[in-house]
Amino acid sequence: MEQVTSSLAPPRAPASNKSGPASSSQSGAGSVAKRLGNELMTLMMSSSPGISAFPKTDSNLFDWMGTIEGASGTVYAGLAFRISIHFPPNYPYVAPTIKFETPCYHPNVDINSGTICLDILQDKWSAVYSVQTILISLQSLLGEPNNASPLNSDAAAIWNNPESFKAQLMRHYRPLKDDSA
Amino acid sequence: MNALTYVDAPDQNLVCCICRMPFVDPCTNQTCSHTFCRQCIIQSLAHSPQCPIDRSFLRIEDIHSADPIIRSLVDELVVKCSNEPAGCSYTCQRQLLESHIKNDCLYVLVPCPAGGCAEEVLRKDQVGHLCSHTSVTCEDCETSVRYNELEMHRSTCLKRFYRCEDCETEQACSSRAAHASCCHAAQVRCPQEHHGCPWEGRRKDVSSHTTTCSYEAIKGFFAIQDAQKANLVNENTLLKQKAETLESQLRVAQYELRCVQSALGPWSRIPTSRSMSVLPPSSQLPTPLQHNRTSPSLSYMPPGDQASITQYFPDISFDDSQARSISSAEDQRVPERPNFPHSTQSISSRVSFGGASIQNWQSTGSLPIGSGSRPSQNVVAPLNLNTTLEGSLEGLRESIVTLSTSLDSLGRRSDIALTNETLRLNEEVTSLRVALHGLRMQVHTIMMDRNAQVTGQGPGFDPLFIQGDIQWLPNRSHMQNPPHNSITKL
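Position numbers for residues start from 1 in each chain and track the written sequence from start to end. Chain labels run from A onward and ligand labels from 1 onward, assigned in the order the entries are written. Side-chain atom pairs in this predicted model are given and counted only at pLDDT of 80 or more, local residue features only at pLDDT of at least 70, and totals for whole chains, interfaces and linings cover all residues. To obtain the side-chain values, all non-hydrogen atoms of the structure were used and water was disregarded.

Caption draft 1: Seen up close, the overall build of chain A. Each helix is a run of DSSP H or I of at least 4 residues and each strand a run of E of at least 2, with the numbering of both proceeding from the N terminus. Counting secondary structure elements, chain A contains 5 helices and 4 strands. Written out in order from the N terminus, the α and β elements of chain A read α-α-β-β-β-β-α-α-α. To sort residues, take the accessible area from a 1.4 Å probe on protein chains only and compare it with the maximum for the residue type: under 20% means buried, over 50% means exposed, and anything in between is partly exposed. Evaluated residue by residue, chain A yields a buried proportion of 40% over its 181 residues. Put simply, of all contacts in chain A between residues at least 6 apart along the chain, 55% involve residues at least 24 apart. Each accessible area is a Shrake-Rupley estimate made with a 1.4 Å probe; only the visible protein chains count as cover when residues are assessed. Looking at chain A as shown, the accessible area adds up to about 9,500 Å², and 55% of this sits on carbon and sulfur atoms. Here, two residues are considered to be in contact whenever any of their heavy atoms come within 4.5 Å of each other.

Following this line, the structure appears as structure tokens:
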């Protein structure tokens, strides 16, 4: 790729050769922004029920705010959770950092910090994953927790008792304020 | 190249799953036959040695260029020129873009054609455009100057001439300003123009005009006048400032005066000419005070205020002449006061009525003592509004002191009189008791005689006779009372 760029560039004066590495890093940041814009477009065009995500500000594409609604038929049905997504500069080769902003009582979510224990967000990350696939994974994680490696052991202990789990869930849950994420 | 903009939405089969754009230099894994951009899969393998799609183990040696048919499909996608933001609207197949940018695109930077210039210009500006680095030749002095410095050079070029409109001679551009100030044919006005000379003519005629100009003749006078006028203007400004300061001070003084007047009430008046001399020199200003200064005896208050003062002191007749006479001679004052409630006349009249109330007794008792000390019967000092407030207050204070001493002596005199009277009454009661006792003895003797007669005549008792005897008894006592009355009247 670098060879292609250099071959495409017109003959330059020797003084401007210094800007070569800088322009390549800029094109790297530009390709990440391009991919994030592509993902945002894909997410808005697709009709995935119960998931949405947008950049927090128009100026910074690397910080997003998303919403996940619990799937019907699970204890999380009817509840909505806000999550924050931060993309590293070398995305998509490195996974984004995702946290629950709304307190979520779940075996694989830390109730205080909102940290999520999900393999595809850590060692199983792949460059082909996107925001949409992450949100869908999280939505399914709500209904099907991995109780083998719990981050919230209390929640894992009462998972099999849906009534007491629901009571604990509702005790911690805070409804979303109706502002745009 | 991955930042290119594609004209049509690309076929999803030709999109790399890592960068989400059509393949650039596509490569296919030999192990799992997935295709990526070469740059994308190399970067991904740097993070983890596995295929991003199926997580199968993958090394960089397993990557080979994709089939020529895939390469052709992506190379023939129509893209916009990468200089589109700069203004190029050219679109072509992706594989042809390189030659377009290299040879044709007008919006790429190329070295400046002018020799010795290190800067770059857009290709479209290269031909037929006089950039700042182009050298041009001055048509007058035939020296080579830079294009952007040509205007500046023209104004200073030594070999460039212009035609003066006044003297119709050729003059160098570089000395245009100098020539304009000394051109003999230029239109100028008289040097005394600002004093009113209407003359206007060519500069060479000025000297002949000044010999006849009447304004020029009195030039010295004008100079003196101008200097004096400037002095007067300065002085006027100073005086204006001074007057403003004085006016503000006057306003403050007037306000303070009103405050003092309202505080003084009826005593507020213009001081006499003697006290006016105490006033500070600033009173030379035309203040309202000065109007009354010529007539110091005139009261500052309007007549209506005097009437209101008499309401405060209704018992005192407010007459200047009377007040003056009171203050001058104290002895004459008492007879002149008809309203004085404790005058000797009223006391004597009350005694002649002979009322039985205790108060009258006290007043009659005090009479022989009080009549001998008339000067101590001081009254409330009349309010003399012709004096100052201090004088009036002083007089009132003295009156109060006098009144308190009078009241004190009066109380003491009353005590003495009461004691005397009580003693006298005691004596009188004693004498009365003695007289009554003698009378009772007489009556007893008479009754005894009567009883002896009745018992001597018989046991019958005539009640009518006794009744008449009883009726008679008070008459007898009445007959003996006159001595008591005479004592009482003593």
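Caption draft 2: Local environment of helix 3 (residues 97-104) of chain B. All names here are of chain B. Within the sequence span of helix 3, burial applies to L97, H100 and I101. Seen end-on, helix 3 carries its buried residues on one side only, within an arc spanning 95°. With respect to the buried face of helix 3, the exposed residues turned more than 90 degrees away are K102 and N103. Directions drawn from the helix axis to the C-beta atoms are what define this arc.

Caption draft 3: Region of the structure containing unusual backbone geometry. The omega torsion of the bond from A:Y91 to A:P92 falls at 5°, within 30 degrees of zero and hence cis. Take A:P92: it is sitting in the loop between strand 3 (80-86) and strand 4 (97-100). Look at B:R20: it is not a glycine, yet its phi comes out positive at around 60°. Relative to the helices and strands, B:R20 resides in the segment before strand 1 (26-29). Judged by relative accessible area, which is 21%, B:R20 ranks as partly exposed. Residue B:R55 is not a glycine yet carries a positive backbone phi of 60°. When you line up the elements, B:R55 lands in the loop between helix 1 (38-47) and strand 3 (63-65).

Caption draft 4: View of the pattern of salt bridges. Residue and element names in this part refer to chain B. The salt bridge definition used is simple: a Lys or Arg side-chain nitrogen within 4 Å of an Asp or Glu carboxyl oxygen. One pass over the structure, following the stated rule, counts 12 salt bridges over all chains. Here D408 and R412 are joined by a salt bridge, their closest N and O atoms 2.5 Å apart. Of the two residues, D408 and R412 are both situated in helix 16 (residues 389-457); the distance of 4 residues between them amounts to about one turn of the helix. According to the relative accessible area criterion, D408 is partly exposed, its value standing at 44%. Its relative accessible area of 48% is what places R412 among the partly exposed residues. One salt bridge in this structure joins E421 and R424, with 2.3 Å as the shortest N-O distance. Residue E421 and its partner R424 are located together in helix 16, separated by 3 residues, close to a single helical turn. Overall, E421 belongs to the partly exposed group, its relative accessible area being 23%. Salt bridges sharing partners connect three or more residues here, namely D25, R38 and R71.

Caption draft 5: Representation of the sheet that holds strand 1 of chain B within the structure. Residue and element names in this part refer to chain B. Strand pairing is defined by DSSP finding a minimum of two bridges between the two strands. With respect to topology, 3 strands assemble into an open sheet ordered 2-1-3, the strand pairing being antiparallel. The open sheet has two edge strands with one neighbour each: strand 2 (35-37) and strand 3. With direction set aside, neighbouring strand axes in the sheet form an average angle of 40°. In this structure, strand 1 lies alongside strand 3, joined through 3 bridges in antiparallel fashion. The residue bridging N29 from the neighbouring strand is I63, located in strand 3. Here an angle of 0 to 180 degrees is reported between the N-to-C directions of two axes, which are lines fitted to C-alpha atoms, with helices fitted over the stretch in contact.

Caption draft 6: Quick look at the UniProt feature "coiled-coil region" (unreviewed entry) in chain B. The positions that UniProt labels "coiled-coil region" (unreviewed entry) are, in the present scheme, residues 229-256 of chain B. Annotation note: span residues 229-256 of chain B, helix share 100%, strand share 0%, distance between end C-alpha atoms 40 Å. UniProt positions are given in the numbering used here, feature names are shortened, and annotations may be inferred rather than shown by experiment.

Caption draft 7: The arrangement of the sheet that holds strand 3 of chain A in detail. All names here are of chain A. If you walk across this open sheet you meet the 4 strands as 1-2-3-4, and the pairing is antiparallel. Two strands in the sheet have a free side with no partner beyond their single neighbour: strand 1 (51-55) and strand 4. Taking the axes of each pair of neighbouring strands and ignoring which way they run, one obtains an average angle of 20° across the sheet. Across 7 bridges, the pairing between strand 2 (residues 63-69) and strand 3 is antiparallel. For E69, the partnering residue across the bridge sits in strand 3 and is A80. Along the sheet face, helix 3 (residues 131-143) touches strand 1, strand 2, strand 3 and strand 4 and points at about 135° away from the line of strand 1.

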